[in-house]
Amino acid sequence: MFFTKESSLCRTHLNDEEVCSKDNCPVQYLRKIISYMDRATQSLDVCMYFLTCQSLSNAIVNAHKRGVLVRVIMDRRMSSNGATQTILFYNNGVAIRLSYEDNLMHHKFLIVDNDLVITGSTNWTMSAFFGNFDHLVVTNQHSLVRPFVDEFDRLWKIFSKSQKDVEDLPSAFLQSSFNDTV
Ligand SMILES: [Zn+2]
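Residues numbered from 1 in each chain as written. Predicted model: local features only at pLDDT ≥ 70, side-chain atom pairs only at ≥ 80, totals over all residues.

**Remarks on the nonpolar core**
One broad trend across soluble globular proteins is that nonpolar side chains are buried collectively. Threshold: The term nonpolar core refers to a set of buried Ala, Val, Leu, Ile, Met, Phe, Trp, Tyr and Cys residues connected through C-beta atoms within 7 Å. In this scheme every C-beta is placed from the backbone, and a residue whose C-beta has 20 or more other C-beta atoms within 10 Å is buried, one with 12 or fewer is exposed, and one in between is partly exposed. Throughout, a pair of residues is in contact if the C-beta atoms placed from their backbones lie within 7 Å.
Ranked by internal contacts, the top residues of the largest apolar core, which has 41 residues, are L44, I60, V72 and M74. Apart from residues lying up to four places away in sequence, I60 is in contact with L44, V46, V70, V72, F89 and V94.

Here it is in structure tokens:
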């Protein structure tokens, strides 16, 4: 999937049933990503630097609500940006861990049922989907999926110390919402 400058033109039909004939229609791509997430039956692991997209966040919460084991890793600094969906996840009981190192947690990948990976340069934000030059790759090739599964498990362990940060999220969010602009 490639997102381009022209992707912004598709924003007008984001909520329509309209079938778009454009190459690289970001609305079709978004729906495709959501459909992969909706098909998860066992696990959904999301590792995302910046996550503000409402429809993808809803798909994460929906998976959690239907009993899928959902885990989300986010960059600590970005997670307290007022635009992120961190509080939505927190309020819905989705397991979150935050990077606590000074280094950026800059990954952008999703693993569905330890069987399929979606990854690339694209943060899950509307500006990335509708206007950035970005890309995503979808693969279920075992030799590619396996290292992502291992890396997610490794990061999940490394960031286990972030539990305190997650518990402090509501107050951190309130503070940051006064300071941050989206
Ligand atoms: Zn379109």
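**Overview of the sheet that holds strand β7 (residues 134–139)**
What counts is decided by this rule: By definition, two strands form a pair when at least two bridges between them are found by DSSP. Counting from the N terminus, the helices are the DSSP runs of H or I reaching at least four residues and the strands are the DSSP runs of E reaching at least two. A fitted line through C-alpha atoms serves as each axis, taken over the contacting stretch for helices, and the angle formed by two N-to-C directions is quoted from 0 to 180°.
Here we have seven strands laid out as an open sheet, ordered β1-β7-β6-β5-β2-β3-β4, and mixed in their pairing. Across the chains shown, the open sheet's two edge strands, defined by having one partner strand only, are β1 (2–3) and β4 (95–98). In this structure, strand β6 (residues 116–120) lies alongside β7, joined through four bridges in antiparallel fashion. Counterpart to I118 in the pairing with β7 is V138. Across the sheet, helix α1 (residues 26–38) is in contact with β1, β2 (43–48), β5 (108–112) and β6; its angle to β6 comes to roughly 145 degrees.

**What to know about the environment of T119**
Along the chain, the position of T119 falls in strand β6. Exposure remark for T119: the 18 C-beta atoms within 10 Å place this residue in the partly exposed category. Between the alpha carbons of T119 and F109 there is a distance of 4.3 Å; along the sequence they are 10 residues apart. Sequence-distant contacts of T119, defined by excluding residues within four places in its chain, comprise K108, F109, L136 and V137.

**Regarding the pairing of β6**
As judged from the four bridges shared by β5 and β6, these two strands associate in the antiparallel manner. Of the residues in β6, the one forming a bridge with F109 is T119. Between β5 and β6, which pair antiparallel in sequence order, lie three residues; one of them, D113, sits at a positive phi of approximately 50 degrees.

**Some points on the confidence of the model for the protein**
A low pLDDT means the predicted coordinates there should not be read in detail. Defined as follows: Within a predicted model, pLDDT stands for the predictor's per-residue confidence, ranging from 0 to 100.
A residue-level look at the protein finds 90% of positions with pLDDT of 70 or above and a mean pLDDT of 88. Predicted confidence for residues 177–182 stays below pLDDT 50, and this span has five contacts to residues more than four positions away or in other chains.

**Observations regarding unusual backbone geometry**
Even without being a glycine, N24 presents a positive backbone phi close to 55 degrees. Here N24 shows up in the loop between β1 and α1.

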